[in-house]
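What follows is each chain in one-letter form.
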Amino acid sequence: MIREKKLKEAVMECYIRLYKASVPSVDFNDLIKNAKINEQGQKEIPYNDYLIDFDLETEIINGIIKEFKINKLYANRFKATIYLGCSPKYKLKE
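Residues numbered from 1 in each chain as written. Predicted model: local features only at pLDDT ≥ 70, side-chain atom pairs only at ≥ 80, totals over all residues. Heavy atoms only, no water.

Trainee: So what exactly am I meant to see when it comes to the packing of aromatic side chains here?
Mentor: Any pair of aromatic rings gets described here by the distance separating the centres and the angle formed by the planes. For the structure shown, the criterion picks out five aromatic pairs. Geometrically, the ring pair formed by tyrosine 19 and tyrosine 50 is edge-to-face, given 5.6 Å between the ring centres and 80 degrees between the ring planes. Of this pair, tyrosine 19 sits in helix 1 (residues 2-21) while tyrosine 50 is found in the loop between strand 2 (43-44) and strand 3 (51-52), placing the two residues 31 residues apart along the sequence. Per residue, the accessibility class of tyrosine 19 equals that of tyrosine 50, and both read buried. Grouped by ring-pair contacts, the aromatic residues Tyr15, Tyr19, Phe28 and Tyr50 constitute a single cluster. (Phe/Tyr/Trp six-rings, centres within 6.5 Å; stacked < 30°, edge-to-face > 60°. Helix = DSSP H or I, 4+ residues; strand = E, 2+ residues; numbered from the N terminus. Buried < 20%, exposed > 50% of the residue type's maximum accessible area, 1.4 Å probe, protein only.)

In structure tokens:
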């Protein structure tokens with residue numbers, strides 16, 4: 001139970017940092033608060049409107065894993081949640 005709560009906190013903190021580092025920068029909490037609700041009652045986050053460099057995203061994710069002291073088993077679960085969730089899309093390398 002405590003691990004689940006800790007992971008949820010880590011996921012939220014990660015999204016907050018990812019969207020703050022994205023272009024354009026945005027407060028993730030505001031993004032959630034102002035999200036449209038679809039027909040199924042789900043919030044639709046416009047994550048494709050925000051760009052982040054893949055290396056920066058990886059750095060932020062790994063920083064959260066260290067900060068929250070997430071062990072290897074849960075680190076993989078955490079990464080999958082972020083990558084498959086509503087993180088910003090990647091900037092193409094120029």
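The structure having been displayed, the exposition proceeds.
Trainee: Explain the packing of helix 3 (residues 54-67) against helix 4 (residues 72-84) to me, please; I cannot follow it from the model alone.
Mentor: Two measures define how a pair of helices packs: the angle their axes make with one another and the distance between the axes. With their axes 11 Å apart at the nearest point, helix 3 and helix 4 run at an angle of 140 degrees to one another. The orientation of helix 3 with respect to helix 4, classified from their angle, is oblique. Every pair of crossing elements has a handedness; the one defined by helix 3 and helix 4 is right-handed. Packed against helix 3, whose contacting residues are Phe54, Glu57, Thr58, Ile61, Asn62, Ile64 and Ile65, the element helix 4 presents Ala75, Phe78, Lys79, Ile82 and Tyr83 at the interface. Broken down by class, the residue content of the contact of helix 3 with helix 4 amounts to eight nonpolar, two polar and two charged. (Axes fitted to C-alpha atoms, helices over the stretch in contact; angles between N-to-C directions. Parallel < 35°, antiparallel > 145°, perpendicular 65-115°, else oblique. Left-handed = near helix turned anticlockwise from the far one by under 90°. Contact = heavy atoms within 4.5 Å. Nonpolar A, V, L, I, M, F, W, Y, C, P; charged D, E, K, R; others polar.)

Trainee: Explain unusual backbone geometry here, please?
Mentor: What you tend to see is this: most non-glycine residues have negative phi, and most peptide bonds are trans. Cis rather than trans, the peptide bond between valine 23 and proline 24 has omega equal to -5 degrees. On the secondary structure map, proline 24 appears in the loop between helix 1 and helix 2 (28-33). Of note in the backbone geometry, lysine 69 takes a positive phi value of approximately 50 degrees without being a glycine. Tracing the backbone shows lysine 69 in the loop between helix 3 and helix 4.

Trainee: Is there a simple way to think about the pattern of salt bridges in this case?
Mentor: Side chains that differ in charge, positive against negative, can pair when their charged atoms come close. Summed over the entire model, instances satisfying the criterion amount to four salt bridges. Across the salt bridge formed by glutamate 4 and arginine 77, the nearest N and O atoms sit 2.9 Å from each other. Separated by 73 residues along the polypeptide, glutamate 4 in helix 1 and arginine 77 in helix 4 bring together distant segments of the chain. Assessed through its relative accessible area of 41%, arginine 77 is described here as partly exposed. When salt bridges that share partners are traced, they join Glu13, Arg17 and Glu67 into one network. (Salt bridge = Lys/Arg side-chain N within 4 Å of Asp/Glu carboxyl O.)

Trainee: Would you mind showing me how to read helix 4 here?
Mentor: Given 3.6 residues to a turn, an α-helix orients residues that are three or four positions apart in the same direction. The end-to-end C-alpha distance of helix 4, which contains 13 residues, comes to 18 Å, matching closely the 18 Å that a straight helix rising 1.5 Å per residue would cover. Along helix 4, the residues classified as buried are Tyr74, Ala75, Phe78 and Ile82. The arc that holds every buried residue of helix 4, seen down its axis, measures 105 degrees, which confines them to one face. Exposed and oriented more than 90 degrees from the buried face of helix 4 are Lys72, Leu73, Asn76 and Leu84. (Expected span 1.5 Å × (residues − 1). Arc of directions from axis to C-beta.)

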